[in-house]
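Architecture and fold: a report
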Amino acid sequence: MVCIAAFIILCLMSVIVGFLSIFRRDIGKRWWKTFKKSWGCVGKRVTLQKCETGFKDDIKNSILSKVIVKKPKLVKPISVGIEVASVLIVLITVWSLVEGAKAGLALWSLGTCNVQRPEACSLGAEVCSIDGDSGPQNPIEAIGYWFSDWGEIFGAIPDKFRDWDNEELNFDGLLVKDIEGKRAIDIFDPGCSVCLQSYRAQKESGFFEKNKVLLVPFPIQDAEGKFKFANSKMIVGYIFATRDIEKPENYKLELDPSIAIIDRIFTEKNDEGKNYQTLFNDYYSKEQAEEELQAWLKEFGYNDEQIKEIAEKSRSEEVEKKISNNNDIVVNNIHAKGIPTMIYNGKKHTGLYKEND
């Protein structure tokens, strides 16, 4: 283990030594000579051969030479310490390589290097993450989570090779415009700030004019069933319920009422200049949020009886099933770890919409 640990340390020192050797060539020559010895020893260890170079003894003797003269009694414990430290260095290095491979595979297959907490991965796309539960409470659970992460990673790898245009995804969604064009699916949470930015970018780029876009409301839940944004589920309930009630005769907006609710949350502000999404997330209680939505419906032309019907339907078992169905497809079929998640041009895209993707 000593020769392998020394090889690892020498590899890490290579950059520094390489820089110093520009000014002192003798340093580079000495380092290269030692490095070749360590590589030869490691090569033999890897191929299960006996290390004949004596490199291990050279390393230990160079460390212990001064101790032997001053404090001979410390030679044995320090020698043992060197062996223990060597084992730790090798184990830490192997663990780091495995964790690096895991993070790289997760980033490639799932769009995040942190499977349980996607938002914690700075390398992944900017998303509102679909987090796992509270995490392991003891070492045994931690091992289980580690293997579970690998299972999710390998389960998502086939997604990279799927032609999503040919996938049958039975979402309950809202068609923005029934036009001729390529199919596109946009999964969003009304409370997600990245979804807001993405929706605006899509609108500005003409995405909704070029594609037959199905908006899929998805209030993010964690593994314990808690919603990420307090009023999202209620908003989604109103969106679904409004879609199923006939439009008022005097309705004048270009977008359908349910789409108009989404558009207003993502693009409009109140009289005080505050964005509606911020108000629903940070200011409105559940009662205030519902009052605001009902005021919009009245503005759209719905009468009191229709608004009452929409409110009751928004809490119905039928709407609960729609939300549950979408949740199941997003988590278990698409393997999304963050929202927004979009499907267009035959591919799955996670994070903020970019026109050139």
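Fair warning: this is a prediction, and the values are worked out from it, not measured in the lab. (Residues numbered from 1 in each chain as written. Predicted model: local features only at pLDDT ≥ 70, side-chain atom pairs only at ≥ 80, totals over all residues. Heavy atoms only, no water.)

Things to note about the nonpolar core
Nonpolar side chains in soluble globular proteins tend to be buried together. Put simply, the test is: To qualify as a nonpolar core, a set must consist of buried Ala, Val, Leu, Ile, Met, Phe, Trp, Tyr and Cys residues joined through side-chain atoms within 4.5 Å. Whether a residue is buried, partly exposed or exposed follows from its accessible area with a 1.4 Å probe, protein chains only, as a fraction of its type maximum: under 20%, in between, or over 50%, in that order. Helix and strand labels come from DSSP, where a helix needs a run of H or I of at least four residues and a strand needs a run of E of at least two; each type is numbered from the N terminus. By definition, residues are in contact when any of their heavy atoms lie within 4.5 Å.
Core analysis: the largest hydrophobic core is formed by 59 residues, its most contacted members being F171, I187, L215, F280 and I334. Tallying contributions element by element places helix α9 (residues 257–267) first for this core, with six residues. For F171, the residues in contact, after removing those within four places along its chain, are I185, I187, L214, V216, N325, N326, I329, V330 and I334. A106, L110, V115 and A156 belong to the second-largest nonpolar core, a separate cluster that totals six residues.

Considerations on the state of the cysteines
Just so we agree on the cut-off: Here, a disulfide means two cysteine sulfur atoms that sit within 2.5 Å of each other.
For the structure shown, the criterion picks out one disulfide. Shown here is the disulfide that connects C128 with C192, its sulfur atoms set 2.1 Å apart. With the S-S dihedral at roughly 90 degrees, the linkage between C128 and C192 falls on the right-handed side. Highlighted residues: C128 in strand β1 (residues 128–129) and C192 in the loop between β3 (182–188) and α6 (193–205), separated in sequence by 64 residues. Like C128, the residue C192 is buried in the burial classification. Note on C195: no disulfide assigned, nearest cysteine sulfur contributed by C192 at a separation of 3.2 Å.

Details of the packing of aromatic side chains
Here is the rule: Here is the rule: rings of Phe, Tyr and Trp (six-membered ring for Trp) pair when centre to centre is within 6.5 Å. Planes less than 30 degrees apart are stacked, more than 60 are edge-to-face, and the remainder are tilted. A ring has a charge above it when a Lys NZ or an Arg CZ is no more than 6 Å from the ring centre and no more than 35 degrees off the ring normal.
The full count for this structure, using the stated rule, is 13 aromatic pairs. A ring pair is formed by Y199 and F266, whose centres lie 5.3 Å apart and whose planes are at 50 degrees; its orientation type is tilted. Of this pair, Y199 sits in helix α6 while F266 sits in helix α9, and the two are 67 residues apart along the sequence. Neither residue differs from the other here; Y199 and F266 are each classed as buried. Three or more aromatic residues link up through ring pairs in this structure, and these residues are F188, Y199, F207, F208, F266, Y344 and Y353. Taking the ring centre of W296 as reference, the NZ or CZ of R264 above it sits at 5.2 Å. Against the face of Y283 rests K274, its NZ or CZ located 4.3 Å from the ring centre.

Concerning the sheet that holds strand β7 (residues 347–350)
In plain terms, the rule: DSSP-based pairing: two strands are paired if at least 2 bridges between them are found.
The strand order β2-β4-β3-β6-β7 describes an open sheet built from five strands, whose pairing is mixed. With partners counted over all chains shown, the strands left at the sheet margins are β2 (174–175) and β7, one partner each. Where β3 lies against strand β6 (residues 341–344), three bridges are found, and the strand directions are antiparallel. Opposite I185, over in β6, you have I343 as the bridge partner.

Comments concerning the pairing of strand β4 (residues 211–217)
Among the seven residues that make up β4, five are buried, leaving the element largely enclosed by the rest of the structure. Strand direction decides the pairing type here: β2 and β4, joined by two bridges, are antiparallel. Looking at β4, one finds that L174 is bridged to L215. The pairing of β3 with β4 spans seven bridges and is classified as parallel.

Brief notes about the pairing of β7
Pairing between β6 and β7: four bridges, direction antiparallel. The partner of T341 across the bridge, within β7, is T350. In this structure, the hairpin formed by β6 and β7 is closed by a connection of two residues, where N345 is found at a positive phi of approximately 55 degrees.

Quick word on helix α10 (residues 276–283)
Just so we agree on the cut-off: For this quantity, the arc is that covered by the directions from the helix axis to the C-beta atoms. Whenever a nitrogen or oxygen atom comes within 3.5 Å of another N or O atom, the pair is scored as a polar contact, on the condition that within protein one atom can donate a hydrogen and the other can accept it, and that pairs from neighbouring residues in sequence are kept only if both atoms are in side chains.
Looking at α10, one finds that the buried residues are Y276, Q277, L279 and F280. In an axial view of α10, the angular spread of the buried residues amounts to 165 degrees, which keeps them on one side of the axis. Of the residues that open α10, the one with a side-chain oxygen 2.8 Å from the backbone nitrogen of Q277 is N275.

Regarding helix α11 (residues 286–300)
Basically, it comes down to this: In this analysis, the expected span of each helix is defined as 1.5 Å times one less than the number of residues it contains.
Its 15 residues place the ends of α11 21 Å apart at the C-alpha level, agreeing with the 21 Å of an ideal helix rising 1.5 Å per residue. Among the residues of α11, A289, E290, E292, L293, W296, L297 and F300 are the ones counted as buried. Axial view of α11: buried residues confined to an arc of 155 degrees, hence all on one face. Across α11 from its buried face, at more than 90 degrees, point the exposed residues E287, E291 and E299.

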